[in-house]
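Chain by chain, the residues run as shown.
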Amino acid sequence: MITISLQCSQDAAQIEKLLDDVFGTDRHTKASYSVRSGVTAIAELSFVARIENRVVGTVRFWPVQVQVRNSRAVTQALLLGPLAIDPMVQGCKLGSKLMEVALSTAKAHKAGPILLVGAESYYSRFGFMRLSDHRLALTGGFDADRILVLAGHALASLPKDGIIEPMPSPKRTMAA
Ligand SMILES: CC(C)(COP(=O)(O)OP(=O)(O)OC[C@H]1O[C@@H](n2cnc3c(N)ncnc32)[C@H](O)[C@@H]1OP(=O)(O)O)[C@@H](O)C(=O)NCCC(=O)NCCS
């Protein structure tokens, strides 16, 4: 039976192995990792899917901030990802189930807009979209084409022109 629950500390090694299998061992060079650099995932927003003791799915949220360009103003936000499902059980709607649990919990967390870096062709089914009237970039000058935002959730607070960066640790009150 497949179960979805919060990640626990013993899951860490299995999650890393799953991410290597799904995204490759060079995954740390991807744009989304630049925004998670030095940041710890939010424990109460880190989910795994298991078959008995085996981790077959993972999704987490990370505390980030959107720095308004040419300003010191920042907006707190959540970055979703990576979402990965074990190739053995891909295509069985497990990714969708994990997203539903993760998103409903994250919305209740009230920690600002929800962002991710990924394929709109997949994530649009959960309400994510590119915002043509926003100019968002990732810290480090990474390609920003795949930045998606969850429609209708705390969008009013999202700067129209900003840079997404890891949240400095003293401000990470939402992870407590
Ligand atoms: C993408 C992923 C999380 C989806 O989870 P899953 O449990 O396999 O998918 P589900 O069964 O919930 O959904 C399947 C649907 O997603 C679509 N899909 C799967 N991967 C996709 C992708 N990379 N881009 C667009 N659509 C995709 C399938 O075509 C299918 O569409 P349908 O419902 O219209 O038939 C999982 O397949 C995975 O980990 N893939 C490897 C990582 C990856 O490709 N990530 C890219 C997403 S940015």
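Computed from a predicted structure; not experimentally measured.

Caption draft 1: Geometry of the pairing of strand β10 (residues 161-166). As judged from the 5 bridges shared by strand β3 (residues 54-68) and β10, these two strands associate in the antiparallel manner. Among the inter-strand pairings, Val68 is bridged to a residue of β10, identified as Gly162. Summarising the sheet, strand β8 (residues 135-138) and β10 pair through 4 bridges and their orientation is parallel. Each residue of the ladder has a partner; that of Ala137, found in β10, is Ile163.

Caption draft 2: Spotlight on the site of the ligand. Taken together, 15 residues surround the ligand, and among them Gln90, Gly95, Ser96, Gly118 and Tyr122 come closest. Elements with a contribution of two residues or more to the shell around the ligand: β5 (84-85), α3 (94-109) and α4 (120-123). When residues in the shell around the ligand are grouped by element, the largest group, 3 residues, is from α3. For the shell around the ligand, the per-class residue count stands at 8 nonpolar, 6 polar and 1 charged.

Caption draft 3: Focus on the environment of Leu150. Of note, Leu150 is situated in strand β9 (residues 147-150). Between the C-alpha atom of Leu150 and that of Tyr123, which follows or precedes it by 27 residues, the distance is 9.2 Å. Ignoring sequence-local partners within four residues, the contact set of Leu150 consists of Pro113, Ile114, Gly127 and Phe128.

Here is what the cut-offs are and how they apply
- Residues numbered from 1 in each chain as written.
- Predicted model: local features only at pLDDT ≥ 70, side-chain atom pairs only at ≥ 80, totals over all residues.
- Pairing = 2+ DSSP bridges.
- Helix = DSSP H or I, 4+ residues; strand = E, 2+ residues; numbered from the N terminus.
- Near = placed C-beta within 6 Å.
- Nonpolar A, V, L, I, M, F, W, Y, C, P; charged D, E, K, R; others polar.
- Contact = placed C-beta atoms within 7 Å.

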